[in-house]
Amino acid sequence: MSDTFYFVHRPLGENGAITARLTSMTGIITYPPPDHDEIVPGLVPWAKAGIIIKNGVAQGSSYAALMLTGSHGVRMQYDYTHDVAGASTRSPRWLRLTRAGDTITGHESPDGTHWTKVGTAHLPGLPATVQVGLFTASPGDLTLTRTATGASLPASRFTQATATFDNISLDGAPAAQWSAAPVGRMGRTDWERYHRAPGLVESNGTFTVTGTGDIGPLSEGGSTIASTLVGLFLALIIVIVVAARFGTGVLSGRILAARAVVVGGAAFLAALVGAGVVVPAGSALLRANGISVLAVSALTQLRVVAGVAALLAVAAVFTLALVALLRRAWAAILVAITTVVLPYLVGVLPLLPDEVSRWLLRVTPAAAFAVQQTIEEYPQVIAYYAPMGGYFPLPGWAGFAVLCGYAMVVLGLGAFRLSGR
């Protein structure tokens with residue numbers, strides 16, 4: 001997840017509300033390469049500013065926010081993955097969040113008198129005192145550069161947003177001074193150091209808040225646990241070669257079935273142990289070196305480990321069946337690598353246009369590599385949703401089903417050919 005923004009806040013009790021008018025919202029965007037040091041005015045579509053109730057100031061804590069965005073109007077977002085659309089409008093706009101225990105309700109208004117409900121969020125476990133206030137964030141802008149082969153190379157450009165608020169009122173909040181600080185790291189670019197630093201400017205009840213970053217389900221520049229499995233294609237090649245050698249000398253369909261059970265079971269167990277060690281250890285190593293890794297549940301991690309083991313097991317059976325069908329181990333190895341490994345490599349490397357890569361990872365046995373996937377496509381996040389970015393065109397179960405289908409067909413054809421000897 002991503003949880004970086006500039007936060008101006010005060011304590012709020014179990015029952016209370018914040019109301020503010022967002023009068024204007026402006027920003028800057030780094031110009032695309034090759035003139036990437038040039039700054040142009042503008043807001044990215046999901047730049048956001050508004051009011052927020054949050055369980056403290058630590059990154060990753062529970063929250064509900066009501067905001068105005070660069071191009072998507074008013075939105076109510078909470079706990080990183082939830083997004084509710086309000087009016088398709090621009091500033092100025094009145095915003096209100098009301099807390100009643102664990103329930104947060106958002107309203108918007110064009111004039112501060114006539115209010116429309118946007119949505120309600122339930123945040124279990126909120127403490128008696130939370131932080132409430134104003135925020136501004138602006139995620140990096142995505143630029144895709146085409147290579148000579150038609151492949152896309154993604155790059156994130158720095159952006160910044162500035163929002164101005166007035167008519168700020170709090171109900172149910174103890175008397176306290178406003179605190180202002182970034183949540184997460186910011187202020188590291190030359191633009192922030194020499195031109196406009198993130199922060200708060202207060203004048204006669206008007207608050208101007210400048211910030212960058214994002215609050216959402218995907219982190220900018222992070223990795224997934226699939227990053228720990230970079231050697232998976234090499235392991236698959238080894239499994240293919242071993243399975244092909246094990247498939248020589250098969251004389252009947254019964255022997256073929258028996259060997260399929262043995263080679264598939266052996267590949268599954270070996271891969272289960274290997275992936276079970278590599279995934280958690282690799283994730284810990286990446287984090288220890290300062291590389292953020294998308295957090296997933298223990299169940300998701302187990303699903304990836306078991307999926308990888310199943311991928312190697314079925315690929316072994318697929319290769320064994322190819323030996324029975326083609327009657328040449330070298331030919332089976334060549335076909336298996338060409339249909340399982342090669343489409344995956346050209347799909348995740350910038351070698352082919354994205355459309356071709358997605359097609360290959362839908363219709364070939366390489367579709368099974370989708371078992372590694374742990375990210376989803378979110379409409380409220382602009383990201384590079386392509387195989388190179390860790391996003392596969394099929395869900396894990398569907399990609400695995402494609403490989404199983406190929407294995408079953410080839411196994412049946414191999415058994416049929418052996419019966420005719």
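Residues numbered from 1 in each chain as written. Predicted model: local features only at pLDDT ≥ 70, side-chain atom pairs only at ≥ 80, totals over all residues. Heavy atoms only, no water.

(A) Structural view of the overall build of the protein chain. Counting its secondary structure elements, the protein chain contains seven helices and 19 strands. Structurally, the protein chain occupies a C-alpha span of about 90 × 50 × 40 Å along its principal axes. The 421 residues of the protein chain split such that 47% are buried. Sequence separation of at least 24 residues holds for 71% of the intrachain contacts in the protein chain that already meet a minimum separation of 6. Accessible surface for the protein chain amounts to roughly 18800 Å². Of this, 61% is attributable to carbon and sulfur atoms. Between the averaged position of the 27 positive side-chain charges in the protein chain and that of its 22 negative side-chain charges there is a distance of 17 Å. (Helix = DSSP H or I, 4+ residues; strand = E, 2+ residues; numbered from the N terminus. Buried < 20%, exposed > 50% of the residue type's maximum accessible area, 1.4 Å probe, protein only. Contact = heavy atoms within 4.5 Å. Areas by Shrake-Rupley, 256 points an atom, 1.4 Å probe, with all protein chains shown as cover. Lys, Arg positive; Asp, Glu negative; His and termini not counted. Charge placed at Lys NZ, Arg CZ, Asp CG, Glu CD.)

(B) Layout of the nonpolar core. Grouped together as the largest cluster of nonpolar side chains are 49 residues, with contacts concentrated most on L232, L236, V308, L311, L312 and F369. Elements with a contribution of two residues or more to this core: helix 2 (232-246), helix 3 (253-288), helix 4 (298-326), helix 5 (329-348) and helix 7 (396-419). Counting residues per element, this core draws most heavily on helix 4, which supplies 16 residues. Setting aside anything within four residues of it in sequence, one finds L232 in contact with V308, L311, L312, F369 and Q372. (Core = buried A, V, L, I, M, F, W, Y, C linked by side-chain atoms within 4.5 Å.)

(C) Fine view of the packing of aromatic side chains. Counted by the stated rule, this structure contains five aromatic pairs. A centroid spacing of 5.9 Å and a plane angle of 85° characterise the contact between F5 and F135, whose relative ring orientation is edge-to-face. A residue pair is termed long-range when its members are at least 10 positions apart, and F5 in strand 2 (residues 5-12) and F135 in strand 12 (residues 130-137) qualify at 130 residues. Classification of F5 as buried rests on a relative accessible area of 0%. With 5.6 Å between their ring centres and 70° between their planes, W178 and F207 make a pair best called edge-to-face. Linking W178 in the loop between strand 15 (159-171) and strand 16 (179-183) with F207 in strand 18 (residues 206-211), this pair joins segments that are 29 residues apart in sequence. Classification of F207 as buried rests on a relative accessible area of 4%. Each residue in the set F5, F7 and F135 is aromatic and connected to the rest through ring pairs, giving one cluster. We note R259 situated over the ring of F246; from NZ or CZ to the ring centre the distance is 5.4 Å. (Phe/Tyr/Trp six-rings, centres within 6.5 Å; stacked < 30°, edge-to-face > 60°. Lys NZ or Arg CZ within 6 Å of the ring centre and 35° of its normal.)

(D) How the structure looks around the pattern of salt bridges. On inspection of all chains with the given rule, the structure shows six salt bridges. Residue D3 is joined to K54 by a salt bridge in which the shortest nitrogen-to-oxygen separation is 2.8 Å. Of this pair, D3 sits in strand 1 (residues 2-3) while K54 sits in strand 5 (residues 48-54), and the two are 51 residues apart along the sequence. Classification of D3 by relative accessible area gives buried; the value is 4%. (Salt bridge = Lys/Arg side-chain N within 4 Å of Asp/Glu carboxyl O.)

(E) How the structure looks around the sheet that holds strand 7 (residues 74-78). As summarised here, the arrangement of the seven strands in space is 8-7-6-5-12-2-16, forming an open sheet in which the pairing is antiparallel. Looking along the sheet, the strands with just one partner apiece sit at the ends: strand 8 (82-85) and strand 16. Taking each pair of neighbouring strands and ignoring which way they run, the sheet shows an average axis angle of 25°. Pairing analysis gives seven bridges linking strand 2 to strand 12, with the strands arranged antiparallel. Bridge pairing in strand 12 places V8 opposite L134. (Pairing = 2+ DSSP bridges. Axes fitted to C-alpha atoms, helices over the stretch in contact; angles between N-to-C directions.)

(F) Examining the pairing of strand 8 more closely. Across four bridges, the pairing between strand 7 and strand 8 is antiparallel. Each residue of the ladder has a partner; that of M76, found in strand 8, is V84. From the end of strand 7 to the start of strand 8, which pair antiparallel, there are three residues, and D79 there has a positive phi angle of about 45°.

(G) A look at the pairing of strand 17 (residues 199-203). Where strand 17 meets strand 18, five bridges bridge the pair, whose relative direction is antiparallel. Paired with G199 across the strands is T210, a residue of strand 18. Hairpin connection between strand 17 and strand 18: a loop of two residues separates the two successive antiparallel strands, and N204 in this loop has a positive phi of roughly 50°.

(H) Looking closely at the side chain of T364. Here T364 lies in the loop between helix 6 (354-363) and helix 7. Here T364 falls in the buried class, since its relative accessible area comes to 13%. A distance of 2.6 Å separates the side chain of T364 from the backbone oxygen of L360, its partner in a polar contact. (Polar contact = N/O pair within 3.5 Å; in protein donor to acceptor, adjacent residues only side chain to side chain.)

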